[in-house]
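Commentary on secondary and tertiary structure
Here are the chains, one letter per residue:
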Amino acid sequence: MRLCVFETEKEAANAAAAEIVRVVRNKPDAVLGLATGGTMEPVYEALVAAHGDGLSFSRVTTFNLDEYVGLPPTHPQSYRHYMSKLFFSRVDIDPANTHVPRGDTAPDRAAAEYEATLARFDPIDVQLLGLGGNGHIGFNEPGSPVTSRTRCVNLASSTIEANRRFFDANEQVPETAITMGIATIMRARRLVLLAVGERKSSAVKAMIEGPVDEAVPASILRDHPDARALLDTAAAAKLNHPEHTA
Ligand code: F6R
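As the structure is a prediction and not an experimental result, all values here were calculated from the model.

Summing up its helical and strand segments, the protein chain has seven helices and ten strands in all. Relative to its length of 246 residues, the protein chain is compact, with a C-alpha radius of gyration of 17 Å against a globular reference of 18 Å. When the backbone C-alpha atoms are referred to their principal axes, the protein chain occupies close to 45 × 40 × 35 Å. Counting only residues that meet the buried cut, the protein chain has 53% of its 246 residues in that class. A sequence separation of at least 24 residues applies to 81% of the contacts in the protein chain between residues at least 6 apart. Taking the average place of the 25 positive charges on the side chains of the protein chain and the average place of its 31 negative ones, the gap between the two points comes to 4 Å.

Rendered as structure tokens:
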């Protein structure tokens, strides 16, 4: 896994966006794997700016990593809504080419259908990933099998707590989600993980310097032939050798 450490969160996010821009420039009908969460917001801002500068997404196909079970696409906290608001509605992408798991239908069937649709487009050219404070990728929580595919999962209590900030105080935070599996993610040609802030520094250390183990799902990315981690100095602060490739 290649490590790139940037001075600021903004620079790290811009570097993640630049990876996507490069792929779309070289391959206008690229298949992109996308992520949501607070970390990704400036990445979509930068991609919208790239579109303003002339980059077209009209032939691109996208697959998001995950979606909460129980939330319809119109729910303000659904990942479909996040994607529409921050990215899809602001560029020239064809909505028919955007895929986010359906959280409001029978979850097991929705997950199986998602995996089958994705298999028709394999491999994803570049997959964006955030990092959970507990080392999760997508919603593959600690203990997720390396062989896992898109499926319905229970969220860890730390994930439910971390996500509470996005929901109204009186709202129930979803406890289950549909996520691409670890094996699904590992099929992508290139993986770009973005982690910023001190809040992620322990997970970053475990991902890079701990054992490759299902207990820290992100550590498994080190077995991918083309994975890079883009960090800011705060997220990299606990690494012994931030200048080294893991
Ligand atoms: C979301 C996802 C999650 C987040 C992770 C970090 O699609 O896949 O793995 O990337 O929970 O979330 P933030 O960026 O909000 O800290």
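Residues Tyr44, Phe87 and Leu128 are the most contacted members of the largest nonpolar core, which totals 69 residues. With nine residues, helix α1 (residues 9-26) is the largest single contributor of residues to this core. With sequence-adjacent residues up to four places away left out, Phe87 is seen in contact with Leu34, Tyr44, Leu47, Val48, Phe57 and Tyr82. Counting ten residues, the second-largest nonpolar core is a separate cluster that includes Phe139, Leu155, Ile160 and Ala177.

The next thing to look at is the sheet that holds strand β5 (residues 98-99). What the seven strands build is an open sheet, ordered β1-β10-β9-β6-β2-β3-β5; its pairing is parallel. The open sheet terminates on both sides in strands that have one partner only, identified here as β1 (2-6) and β5. In terms of strand pairing, strand β6 (residues 126-129) meets strand β9 (residues 190-195) through four bridges, oriented parallel. Pairing of Leu128 across the sheet is with Val192, part of β9. This element, helix α4 (residues 107-121), spans β2 (31-34), β3 (61-64) and β5 of the sheet and lies at about 145 degrees to β3.

Take the pattern of salt bridges next. The final tally for this structure, using the stated rule, is 16 salt bridges. Note that Lys27 and Asp125 form a salt bridge whose closest N and O atoms lie 2.9 Å from each other. One end of the pair, Lys27, is in the loop between α1 and β2; the other, Asp125, is in the loop between α4 and β6, and 98 residues separate them in sequence. Residue Lys27 is classed as partly exposed on the basis of its relative accessible area of 30%. Between Asp226 and Arg228 there is a salt bridge; the shortest N-O distance is 3.4 Å. Sharing partners across several salt bridges, the network here consists of Glu19, Arg22, Arg190, Asp226 and Arg228.

A word on the sheet that holds strand β8 (residues 176-179). Here three strands make up an open sheet; going across it, the order is β4-β8-β7 and the pairing antiparallel. Across the chains shown, the open sheet's two edge strands, defined by having one partner strand only, are β4 (66-68) and β7 (151-154). Between one strand and the next, the sheet's axes are offset by a mean angle of 30 degrees, whatever the strand orientation. Pairing between β7 and β8: four bridges, direction antiparallel. Within β8, the position partnered with Cys152 by the bridge is Ile178. The sheet strands contacting α4 are β7 and β8, and the helix crosses β7 at an angle near 130 degrees.

The local shell around the ligand holds 15 residues, among which Thr39, Asp66, His136, Gly138 and Lys200 are the closest. At 2.9 Å from an oxygen atom of the ligand is found a main-chain nitrogen or oxygen belonging to Gly38. Compared with its free state, where it exposes 400 Å², the ligand has 96% of that area covered by protein. Residues belonging to the shell around the ligand are distributed by class as follows: four nonpolar, seven polar and four charged.

Moving on to the packing of aromatic side chains. According to the stated counting rule, one finds eleven aromatic pairs in the structure shown. Their ring planes at 35 degrees and their centres at 5.9 Å tell us that Tyr68 and Phe139 sit as a pair that is tilted. Of this pair, Tyr68 sits in strand β4 while Phe139 sits in the loop between β6 and β7, and the two are 71 residues apart along the sequence. The pair Tyr68 / Phe139 is uniform in exposure class, with both members buried. Between Tyr68 and Phe167 the ring centres are 5.7 Å apart and the planes differ by 70 degrees, which places this aromatic pair in the edge-to-face class.

Thresholds applied
Residues numbered from 1 in each chain as written. Predicted model: local features only at pLDDT ≥ 70, side-chain atom pairs only at ≥ 80, totals over all residues. Heavy atoms only, no water. Helix = DSSP H or I, 4+ residues; strand = E, 2+ residues; numbered from the N terminus. Rg over C-alpha atoms; globule rule 2.2 N^0.38 Å. Buried < 20%, exposed > 50% of the residue type's maximum accessible area, 1.4 Å probe, protein only. Contact = heavy atoms within 4.5 Å. Lys, Arg positive; Asp, Glu negative; His and termini not counted. Charge placed at Lys NZ, Arg CZ, Asp CG, Glu CD. Core = buried A, V, L, I, M, F, W, Y, C linked by side-chain atoms within 4.5 Å. Pairing = 2+ DSSP bridges. Axes fitted to C-alpha atoms, helices over the stretch in contact; angles between N-to-C directions. Salt bridge = Lys/Arg side-chain N within 4 Å of Asp/Glu carboxyl O. Near = heavy atom within 4 Å. Polar contact = N/O pair within 3.5 Å; in protein donor to acceptor, adjacent residues only side chain to side chain. Areas by Shrake-Rupley, 256 points an atom, 1.4 Å probe, with all protein chains shown as cover. Nonpolar A, V, L, I, M, F, W, Y, C, P; charged D, E, K, R; others polar. Phe/Tyr/Trp six-rings, centres within 6.5 Å; stacked < 30°, edge-to-face > 60°.

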